[in-house]
Structure formats: structure tokens, C-alpha cells
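# Notes for the structure review
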Amino acid sequence: MPHYPISIDLNNRRCVVIGGGEVAERKVETLCEFGACVTVVAPDTTPHLAKMAADGAIELVSGTYEPSVLKEAFLVVAATNDRKVNKAVSEDAQKLGILVNVVDDPDLCTFFVPAIIRRGDLVVSISTSGNSPLLARRLRKQIELELGPEYGQLVELMGMLRDEVKKLYDDPIQRNRAYERVLDSDVLNLLRQGRRDDAIARARECILQSLV
């Protein structure tokens, strides 16, 4: 059964990563990128994780895993090379109703981390429900070639114009048509050329078209 995809707000939420190796490091970096407050639990860590802890970017609990570290956690990632530890983390987290991901062990997971493409607020995720992370990464590389930084700028622009569109149009259908006119126009190409001011002006022209 495929997993239901959702986007979760991790900003200022406590996320715990069990393990201090390179895999754990990648998980920590991604969690931090999305605003999580990360606690790493491990007897030893990579130099980069140690530096992040020294800089105050993450909390580091030096030592072996104890269930008490899961207190008030929103989600937990187990990334050790010891399946017994990973299994214990999974069981403890599930008893507490905490989302848990165990790296490379789908049977112990209640959620999977997708391959991610990020362009500003545009986030594209690709999941194989744990069946083939390698395939997800390959698909990510293919899609990355199609999505340049201008798409992130387009998302920002569309968000910026939302209040203007709502004030102009009470009817949701008319609002959607206004958005469609923007997306069907040359706004994206203008952003691709670095002409942000022209793109904003063109978008506003498109929004006002039905009022002329």
C-alpha cells in the first residue's frame, strides 16, 4: 500500500536523530534546512555534526540511546548501524505516538523521507514508499534539470499577489482564471532572464485583464 504524502511544518519542532555518522549527518542537515530544532544522540559524531553542535545549530547528547531522549519529540530518525538499537527506537517512538523513520529499514518506519527538490518555497518530493530510494534519487535528478531557480521565484511572486487577487475577485473561479493568465503568460521566461520587476508588472497586467 503506498503511503499518503503530506507536507509537515517542522519549524521550531523538536526532532531527534539517533546516530552520528554520515547518514545521520545528511538527515540532520535536511531537518535543519526546514527549521527543525534537532537533537542528535550518539557516542561519536562526524566532525561536521560536532561543529554544528559547537556552533549551537543542533543539540548533541553524547552517549548511547535511552528512551528518555524521545520526550516531547515531534519525530525521530534512527540512523545507527545497529538494528537492535534502531528497532528499540522504532518501538519506543510508536508507543509514544511519535513519527519514526529508520534508515534503510521500511518495516520499522511509520514515515519515509522522500527525495526532495527545493526551489525556495517550491518543494517537490518523490517517494517509492520505501521500495527503492535509489529510483527516487534518480527521478529527482531528472526533474531537477527541468526546474531552475526561476520556479522558486515564480512561487514567491504568486504568493505575493494572492492578497491583490482576493481583493479584486470575490468569485473563486475568477481568482483561478487570474492565476491561470499569469501562469500561461511569459512571466516565467522573464524571471528566467533575471527581469523580476518586468515579471511582476506583467503578472499584474494579467490579473487585471478581465477588469479592462
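Calculation notes
Residues numbered from 1 in each chain as written. Predicted model: local features only at pLDDT ≥ 70, side-chain atom pairs only at ≥ 80, totals over all residues. Heavy atoms only, no water. Helix = DSSP H or I, 4+ residues; strand = E, 2+ residues; numbered from the N terminus. Rg over C-alpha atoms; globule rule 2.2 N^0.38 Å. Buried < 20%, exposed > 50% of the residue type's maximum accessible area, 1.4 Å probe, protein only. Core = buried A, V, L, I, M, F, W, Y, C linked by side-chain atoms within 4.5 Å. Contact = heavy atoms within 4.5 Å. Pairing = 2+ DSSP bridges. Axes fitted to C-alpha atoms, helices over the stretch in contact; angles between N-to-C directions.

Another aspect to go through is the overall build of the chain. Of regular secondary structure, the chain possesses eight helices and seven strands. Computed over C-alpha atoms, the radius of gyration of the chain comes to 22 Å, more than 25% over the 17 Å expected from 2.2 N^0.38 for 212 residues, which places it beyond the range of a compact globule. Based on the C-alpha atoms only, the size of the chain along its principal axes is roughly 70 × 40 × 35 Å. Considering the chain as a whole, with its 212 residues, one finds that 36% of them fall into the buried category.

This next bit is on the nonpolar core. The tendency in soluble globular proteins is for nonpolar side chains to be buried as a group. Counting 18 residues, the largest nonpolar core has Leu157, Val182 and Val187 as the members making the most contacts within it. At the level of secondary structure, the elements contributing two or more residues to this core comprise helix H5 (150–168), helix H6 (172–184), helix H7 (187–192) and helix H8 (196–208). In this structure Val182 touches Met158, Val187, Ala203, Cys206 and Ile207, once residues within four positions along its chain are discounted.

Quick look at the sheet that holds strand S2 (residues 37–42) now. Across the sheet, five strands lie side by side as S3-S2-S1-S4-S5; this open sheet has parallel pairing. Each having just a single partner strand, strand S3 (59–62) and strand S5 (99–102) make up the two edges of the open sheet. Ignoring strand direction, the axes of neighbouring strands in this sheet form an average angle of 15 degrees. Taken together, the four bridges between S2 and S3 define a ladder with parallel strand orientation. Along S3, the bridge assignment pairs Thr39 with Glu59.

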